[in-house]
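# Residue-level structure breakdown
These are the residues of each chain, in order.
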Amino acid sequence: MRILLSLLLAAAVSASTLLVGCSYTAAEDKPAAVEKPTAAKAAAAAEGNWGSIKGQIVFAGDVPDPKELNITKDVKECKDSLKGAPLLDEEWVVNKKNKGVRWVYVWIAQPPGVKAKLPIHPDLVKLKEDKVVMDQPCCHFEPRCLAVREGQIWVAKNSSALAHNVHWEGGEDNPGDNPSLPAGKEIEFKDLKASLSVITVNCGSHPWMKSWVRVFDHPYYAITDADGKFEIKDAPAGNFRLYTWHEGAGWLHKAEKLKQGEPITIKAGETLDLGKIEAKKTD
């Protein structure tokens, strides 16, 4: 009997020891909790994987003199809106001091065959502006060139006292429209798609009026300023293609297949200075 009791007591002690051994008696003995990723931590992890691009588009040759446009309709109204200033052709807007070419589109894209979209810096994922505006204040479109990111609304505005229309075409991705636009009114174009094809814009009522729109699915694009300069910040590091296009020169890069862009390498934490890129008049 004593032997049986001893055996039972030993078994109980052993079981108690086993249970104590499986329990967590101190905080340091517990396994570390798995930390869930957050947008802030993802951004911190991505820090340093971005670079910038800058450069200047310059005119090749002697700087052309501005060309005055011939107003053939609503002459008095157009001249009144211009307040005595000439209406100039904006196909070639060249700075005489440094030969900088305005209104050149510059952007980057993945190399041919890469289907993945460009990585986007966390600060640039969300649209900073829901709408972008193109006006028709003085018998011309303003600005001459507009860039739209997918998700943005293109607002065509008419702040003049004349009726206009907005006739635009952009190929299969953006087939276009031709709505009339009374004085003081505006119209919105939504659901525009990124495309390598440029959208041409004109006014059927005033044939000298012309402008351009390009649509992108990322924020890594620019339009050159009055000095022909551009800068694209917080671009992903890696090997990509650079595209440069001007209405009077066409594609500016020198790749054999123009629609495949120019190879570039963006290094993390650095600015890729492309220097001066020449733009030449097409014959």
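Along every chain, residues carry numbers that run from 1 in the direction the sequence is written. Only residues with pLDDT of at least 70 are given local features in this predicted model, and only at 80 or more are side-chain atom pairs given and counted; all residues enter the totals for whole chains, interfaces and linings. The side-chain figures draw on all heavy atoms in the structure; neither hydrogens nor water molecules are used.

The next subject is the sheet that holds strand E5 (residues 153-157). Reading across from one edge, E3-E5-E10 is the order of the 3 strands in this open sheet, with mixed pairing throughout. Both edges of this open sheet fall to strand E3 (131-134) and strand E10 (186-189), since each of them pairs with a single strand only. In this sheet, adjacent strand axes meet at a mean angle of 25 degrees when their direction is disregarded. At least two DSSP bridges between two strands are needed for those strands to be called paired. Numbering goes from the N terminus for both helices and strands, where a helix is a DSSP run of H or I of at least four residues and a strand is a run of E of at least two. Sheet topology note: the E5/E10 ladder contains 4 bridges and is antiparallel. Paired with Val-155 across the strands is Glu-188, a residue of E10. Note on definitions: angles span 0 to 180 degrees between N-to-C directions of axes, and those axes are lines fitted to C-alpha atoms, for helices only across the stretch in contact.

Now for the nonpolar core. Grouped together as the largest cluster of nonpolar side chains are 26 residues, with contacts concentrated most on Val-148, Trp-154, Val-166, Trp-168, Val-201 and Val-213. Mapped by element, the contributors of at least two residues to this core are helix H3 (75-82), E3, strand E4 (145-149), E5, strand E11 (199-203) and strand E12 (206-216). Top contributing element to this core by residue count: E12, with 4 residues. The next biggest cluster of nonpolar side chains, apart from the first, holds 25 residues, and it includes Val-106, Tyr-220, Ala-222 and Phe-230. We call a set of buried residues a nonpolar core when its members are Ala, Val, Leu, Ile, Met, Phe, Trp, Tyr or Cys and they connect through side-chain atoms within 4.5 Å of each other. Exposed residues in this analysis have more than 50% of their type's maximum accessible area, buried residues have under 20%, and partly exposed residues fall in between, with area computed by a 1.4 Å probe over protein chains only.

In this section: the pairing of strand E7 (residues 167-170). Of the two faces of E7, only one is covered, namely that formed by Trp-168 and Gly-170; the face formed by His-167 and Glu-169 stays uncovered. Both E7 and strand E8 (residues 174-177) contribute to a ladder of 2 bridges, which runs antiparallel. Within the sheet, the bridge partner assigned to Gly-170 lies in E8 and is Asn-174. What sits between the antiparallel neighbours E7 and E8 is a turn of 3 residues, in which Gly-171 has the positive phi angle 80 degrees.

With that out of the way, let us pick up the state of the cysteines. Any two cysteine sulfur atoms lying within 2.5 Å of each other are counted as a disulfide. With the rule as written, the count across this model stands at 1 disulfide. What pairs with Cys-78 in a disulfide is Cys-139, and their sulfur atoms sit 1.9 Å apart. Across the S-S bond linking Cys-78 and Cys-139, the dihedral sits near -85 degrees, which makes this disulfide left-handed. Here the residue Cys-78 occupies a position in helix H3, and Cys-139 occupies one in the loop between E3 and E4, the gap between them amounting to 61 residues. With no disulfide of its own, Cys-138 lies closest to Cys-139 among cysteine sulfurs, the gap being 7.4 Å. Not part of a disulfide, Cys-203 finds its nearest cysteine sulfur in Cys-139, a span of 8.6 Å.

These figures capture arrangement, not role.
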